[in-house]
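# Observations on chain architecture
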Amino acid sequence: MDNYQQIIEQLKNGEIESIKIPKEEFLQFRTLLVSDEKFKHFRGEAQQGGDVIFTFLKEPRS
């Protein structure tokens, strides 16, 4: 779980562009993500097979 928090911070800081989360780990990752103060800045794009690619947006989604 500490690794997920580090990944979230790297996305927010622009150190990494995106992260692919396997469907088996999605719920654990999402739990941390929704508790983040900038939750609305994250965009998840579902892939065929259930994996999700998350990116960080400069403007929050509505």
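Reading the values: rules and limits
Residues numbered from 1 in each chain as written. Predicted model: local features only at pLDDT ≥ 70, side-chain atom pairs only at ≥ 80, totals over all residues. Heavy atoms only, no water. Core = buried A, V, L, I, M, F, W, Y, C linked by side-chain atoms within 4.5 Å. Buried < 20%, exposed > 50% of the residue type's maximum accessible area, 1.4 Å probe, protein only. Helix = DSSP H or I, 4+ residues; strand = E, 2+ residues; numbered from the N terminus. Contact = heavy atoms within 4.5 Å. Pairing = 2+ DSSP bridges. Axes fitted to C-alpha atoms, helices over the stretch in contact; angles between N-to-C directions. Phe/Tyr/Trp six-rings, centres within 6.5 Å; stacked < 30°, edge-to-face > 60°. Arc of directions from axis to C-beta.

## Some thoughts on the nonpolar core
Core analysis: the biggest nonpolar cluster contains 12 residues, these being Y4, I7, I8, L11, I19, I21, F29, L32, L33, F42, V52 and F54. Those elements giving two or more residues to this core turn out to be α1 (2-13), β1 (18-21), α2 (26-34) and β3 (52-56). For this core, the element with the highest residue contribution is α1, accounting for 4 residues. Sequence-distant contacts of V52, that is, excluding residues within four places in its chain, are made with I19, K20, I21, F26, G44, E45 and A46.

## With respect to the sheet that holds strand β2 (residues 42-46)
Here 3 strands make up an open sheet; going across it, the order is β1-β3-β2 and the pairing antiparallel. This sheet does not close on itself; its edge strands, each paired only once, are β1 and β2. Taking each pair of neighbouring strands and ignoring which way they run, the sheet shows an average axis angle of 25°. Across 5 bridges, the pairing between β2 and β3 is antiparallel. Within β3, the residue paired with R43 across the bridge is T55.

## So, the packing of aromatic side chains
Within the structure shown, the criterion is met by 4 aromatic pairs. Centre to centre, the rings of F26 and F54 are 6.3 Å apart; their planes meet at 10°, and the pair counts as stacked. On the criterion of sequence distance, the pair formed by F26 in helix α2 and F54 in strand β3 is long-range, its members being 28 residues apart. You can call F26 partly exposed: its relative accessible area is 25%. Ring pairing ties together the aromatic residues Y4, F26, F29 and F54, which thus form one cluster.

## Here's the deal with α2
Among the residues of α2, F29, L32 and L33 are the ones counted as buried. Down the axis of α2, the buried set is contained in an arc of 105°. They therefore lie on one face.

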